[in-house]
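Coordinate inspection notes
Letter by letter, the chains look like this.
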Amino acid sequence: MSRVAAPADRRFRRAHVKPSHRRLNWRPLAAWATVSGGILAVLAFAAYRGPSVMASMGTVDRIVVRGNERLSKGEVLAIMSGLRGESLFGTDLDLWRRRIMRSPWVRDAALRRSLPSTVEVAIVERQPVGIGRINGETYLVDEGGVVIDQYGPQYGDLDLPIIDGLTASTVDDGSSVDSARAELAARVVAAVRGRPDVARQVSQIDVADLHNAAVILSGDPAVIYVGDDQFLQRLQSYIQLAPALRKRVPDIDYVDLRFDDRIYVRPGGKAGAGANPGRASAGRRR
């Protein structure tokens with residue numbers, strides 16, 4: 001009897017399938033571990049050094065001064081002595097600003113905090129316009145009539161005119177500067193500042209008359225009345241005409257330039273005693 005080969009029935013056989021092995025991605029875990037470690041290190045350092053770091057950030061130990069020229073840094077720091085060591089956020093900067101403003105050189109000041117432990121001081125100084133003669137003494141004065149400091153050798157580099165007549169006659173002690181007179185003097189100085197050749201010649205300014213400033217030029221004893229406007233134009237006219245005037249009137253007491261087309265000249269010495277001022281055509285038009 002012969003054997004017949006029958007096909008094998010695979011319906012009930014379990015397929016032999018190898019299970020897949022998924023590989024884990026360790027990179028996110030490593031990154032998370034690194035970040036966590038860094039955070040823990042920072043927290044540990046803060047716990048260890050935190051009090052000393054916060055103390056240094058909260059205390060003023062540096063003062064930076066800017067904008068000062070005539071007022072030295074040492075003078076500013078002397079005014080602010082006591083600020084070092086105070087709380088950076090607790091100290092009253094307005095109080096310290098008021099102290100700085102007491103200096104006559106300081107026109108304005110601003111203070112601000114700067115981390116970790118600095119206070120910055122920005123100063124705007126007063127600009128003197130002349131050397132005021134008050135009660136026989138000389139002082140630097142600004143355009144508002146504020147007396148900045150007594151004039152001395154330390155200010156010898158300042159090329160400023162002498163200003164008389166700054167005090168009002170109604171002031172009892174005669175020592176207070178009248179702001180309107182100081183403003184008139186400041187306008188004269190500002191008008192000639194744009195022409196250095198003229199500004200260098202202005203030696204003295206008298207503002208006793210609020211409506212008629214008087215000017216004396218270097219090397220010329222004549223008093224020049226220039227009114228209360230057109231200061232530069234009138235002084236330039238006099239400088240141009242002075243040689244011709246000297247030929248006609250060698251000794252001049254004063255020259256009045258307040259009128260449109262006339263220059264009034266008063267002779268000096270005996271020639272001018274009791275005489276009316278002479279007139280000279282200036283050939284000027286307003």
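Residues numbered from 1 in each chain as written. Predicted model: local features only at pLDDT ≥ 70, side-chain atom pairs only at ≥ 80, totals over all residues. Heavy atoms only, no water.

Further remarks concern the overall build of the protein. The number of helices and strands found in the protein is six helices and 13 strands. Evaluated residue by residue, the protein yields a buried proportion of 33% over its 286 residues. Expressed as a percentage of contacts within the protein between residues at least 6 apart in sequence, the contacts between residues at least 24 apart total 45%. Carbon and sulfur atoms provide 53% of the accessible area of the protein, an area that totals close to 18600 Å². (Helix = DSSP H or I, 4+ residues; strand = E, 2+ residues; numbered from the N terminus. Buried < 20%, exposed > 50% of the residue type's maximum accessible area, 1.4 Å probe, protein only. Contact = heavy atoms within 4.5 Å. Areas by Shrake-Rupley, 256 points an atom, 1.4 Å probe, with all protein chains shown as cover.)

On to the pattern of salt bridges, then. A full pass over the atoms with the stated rule returns 14 salt bridges. The salt bridge involving Asp178 is made with Arg181; its shortest N-O contact spans 3.1 Å. Between Asp256 and Arg258 there is a salt bridge, with the nearest N and O atoms lying 2.7 Å from each other. The class of Arg258 is partly exposed, set by a relative accessible area of 35%. Through salt bridges with shared partners, one network takes in Arg66, Arg112 and Glu120. (Salt bridge = Lys/Arg side-chain N within 4 Å of Asp/Glu carboxyl O.)

In this structure, the largest pocket encloses a volume near 480 Å³. In this structure, the largest pocket is lined by 23 residues; those nearest its centre are Pro128, Asp159, Leu160, Val189 and Arg193. Among the residues making up the lining of the largest pocket, the classes are represented as 13 nonpolar, three polar and seven charged. (1 Å grid on protein atoms, 1.4 Å probe; cavity = no way out; pocket = protein on both sides within 12 Å on 5 of 7 lines; lining within 4 Å. Points joined across faces, edges and corners; volume = space filled by probe spheres on them. Nonpolar A, V, L, I, M, F, W, Y, C, P; charged D, E, K, R; others polar.)

Residues at a pLDDT of 70 or more form 72% of the protein, whose mean pLDDT is 82. Predicted confidence in the protein is weakest over strand S13 (residues 278-281), with a mean pLDDT of 50, and strongest over strand S9 (residues 213-217), with 98. (pLDDT = per-residue confidence, 0-100.)

Attention now moves to the pairing of strand S10 (residues 223-227). In this sheet, S10 lies alongside S9 in antiparallel orientation, the contact comprising three bridges. Following the sheet pairing, Ala213 is matched in S10 by Gly227. Counted between consecutive antiparallel strands, the loop separating S9 from S10 contains five residues, among which Gly219 sits at a positive phi close to 75°. Summarising the sheet, S10 and strand S11 (residues 252-256) pair through three bridges and their orientation is parallel. In the strand pairing of S11, Tyr225 is matched with Asp256. Between the parallel pair S10 and S11, the chain is carried across by helix H6 (residues 231-248), and the sense of this crossover is left-handed. (Pairing = 2+ DSSP bridges. Right-handed = clockwise from strand over helix to strand, strands pointing away.)

This paragraph deals with H6. Over its 18 residues, H6 extends 24 Å from the first C-alpha to the last, a length consistent with the 26 Å expected when each residue adds 1.5 Å. The largest bend in H6 is about 50°, located at Ala242, with the proline Pro243 one to four residues further on. Those residues of H6 lying buried are Phe231, Leu232, Arg234, Leu235, Ser237, Tyr238, Ala242 and Leu245. (Expected span 1.5 Å × (residues − 1). Bend = angle between axes of the 7 residues up to and from the residue.)

When the terminal C-alpha atoms of helix H4 (residues 179-193) are compared, their 21 Å separation across 15 residues agrees well with the 21 Å that a helix rising 1.5 Å per residue should span. Those residues of H4 lying buried are Arg181, Ala182, Leu184, Ala185, Ala186, Val188, Val189 and Val192.

Let us look at the nonpolar core. The tendency in soluble globular proteins is for nonpolar side chains to be buried side by side. Val226, Leu235 and Tyr238 are the most contacted members of the largest nonpolar core, which totals 34 residues. The greatest single-element share of this core, amounting to seven residues, is contributed by H4. Those residues within four positions of Tyr238 in sequence are excluded, and the remaining contacts are Leu217, Asp220, Ala222, Ile224, Leu245, Arg246, Val255 and Leu257. (Core = buried A, V, L, I, M, F, W, Y, C linked by side-chain atoms within 4.5 Å.)

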